[in-house]
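# Remarks on the overall topology
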Amino acid sequence: AQTVTQSQPEMSVQEAETVTLSCTYDTSENNYYLFWYKQPPSRQMILVIRQEAYKQQNATENRFSVNFQKAAKSFSLKISDSQLGDTAMYFCAFRSANRDDKIIFGKGTRLHILP
Amino acid sequence: GAGVSQSPSNKVTEKGKDVELRCDPISGHTALYWYRQSLGQGLEFLIYFQGNSAPDKSGLPSDRFSAERTGGSVSTLTIQRTQQEDSAVYLCASSGARGGNQPQHFGDGTRLSIL
């Protein structure tokens, strides 16, 4: 069974700094998709970024980028020039591309951006 | 609206009562998920519907919990004989593709409080 592990329950960084959130996963699949979701205090879950496992190039969305290491089964999220609005819970998620499997979420990392 | 709609947004009820939570997914989305989120915690998977396949009920915490999806669209989550530990936010999400890279789209959740 696939699992997703986020080893950092909580992190704090100063505004404008760069922060990296870690995520590792376990699967025997070769083709799959990975996602990072953000959940601010308003509780609305928002997709931040996604990565297809067959793509070697790391996905980037403005200040958000990932470091996808397929062999190591690692999928970290880097937030550059962090802003107060980045304060949120961040969830890493995995979904197999081969079947109708459900998406698997990690337990989340609570990120505080300090003024 | 174009998003996932959940109702009610808040529900307060007495211990022992039954409650029904509703989710209207995005039109055309074949996959529908229910999650439970306790205050400040991660997502607890409850149940997953995919098209006409039998639902994955592996996350339901007890036989007091049940869910159905009528006509492949609207879903209701029912909690019978509610207990105080059922107090949480219940999130619904839908996605469009079978085993694909389509992310989940989340509703705003129902905050359930059991007195």
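As shown above, the structure is provided for reference.
Overview of the structure. (Residues numbered from 1 in each chain as written. Chains lettered and ligands numbered in written order. Predicted model: local features only at pLDDT ≥ 70, side-chain atom pairs only at ≥ 80, totals over all residues. Heavy atoms only, no water.)

### Here's the deal with the pairing of strand β4 (residues 31-37) of chain B
Residue and element names in this part refer to chain B. In terms of burial, β4 is largely enclosed, as seven of its seven residues are buried. With burial as the criterion, each face of β4 is covered, one bearing A31, Y33, Y35 and Q37 and the other bearing L32, W34 and R36. As judged from the six bridges shared by β4 and strand β5 (residues 44-50), these two strands associate in the antiparallel manner. Considered in β5, the bridge of Y35 is made with F45. In this structure, the hairpin formed by β4 and β5 is closed by a connection of six residues, where G40 is found at a positive phi of approximately 70°. Judged from the seven bridges that link them, β4 and strand β8 (residues 88-95) form a sheet pairing that is antiparallel. In the strand pairing of β8, Y33 is matched with A93. (Buried < 20%, exposed > 50% of the residue type's maximum accessible area, 1.4 Å probe, protein only. Helix = DSSP H or I, 4+ residues; strand = E, 2+ residues; numbered from the N terminus. Pairing = 2+ DSSP bridges.)

### Re the state of the cysteines
For the structure shown, the criterion picks out two disulfides over all chains. Each disulfide pairs two cysteine sulfurs, and for C23 of chain A the partner residue is C92 of chain A, the sulfurs being separated by 2.0 Å. Its S-S torsion of approximately -70° makes the covalent link between C23 of chain A and C92 of chain A left-handed. Residue C23 of chain A is found in the loop between β3 (19-21) and β4 (24-26), and its partner C92 of chain A is found in strand β10 (residues 88-96); the two are separated by 69 residues along the sequence. You'll find C23 of chain A and C92 of chain A in the same group, each marked buried. There is a disulfide in this structure between C23 of chain B and C92 of chain B, and the S-S distance comes to 1.9 Å. (Disulfide = S-S within 2.5 Å.)

### Comments concerning the pattern of salt bridges
Throughout the structure, instances matching the rule amount to eight salt bridges over all chains. Between K55 of chain A and E52 of chain A there is a salt bridge, with the nearest N and O atoms lying 3.8 Å from each other. The salt bridge involving R22 of chain B is made with D24 of chain B; its shortest N-O contact spans 2.8 Å. Taking the relative accessible area as the measure of exposure, R22 of chain B reaches 36% and is therefore partly exposed. The network of salt bridges with shared partners includes R36, E44, R64 and D86 of chain B. (Salt bridge = Lys/Arg side-chain N within 4 Å of Asp/Glu carboxyl O.)

### What about the interface of chain A and chain B?
Opposite the 24 residues of chain A that make contact, chain B presents 30 residues. For the pair chain A and chain B, the summed buried surface comes to about 2,000 Å²; carbon and sulfur atoms form 45% of the total. Put simply, chain A and chain B have one salt bridge between them. In this structure, K102 of chain A engages D56 of chain B in a salt bridge whose closest nitrogen and oxygen atoms are separated by 2.9 Å. The interface formed by chain A and chain B includes five residue pairs in polar contact (both at pLDDT 80 or more). Among the residues making up the side of chain A that touches chain B, the classes are represented as 10 nonpolar, four polar and 10 charged. (Contact = heavy atoms within 4.5 Å. Buried area = accessible area lost by both parts, 1.4 Å probe. Polar contact = N/O pair within 3.5 Å; in protein donor to acceptor, adjacent residues only side chain to side chain. Nonpolar A, V, L, I, M, F, W, Y, C, P; charged D, E, K, R; others polar.)

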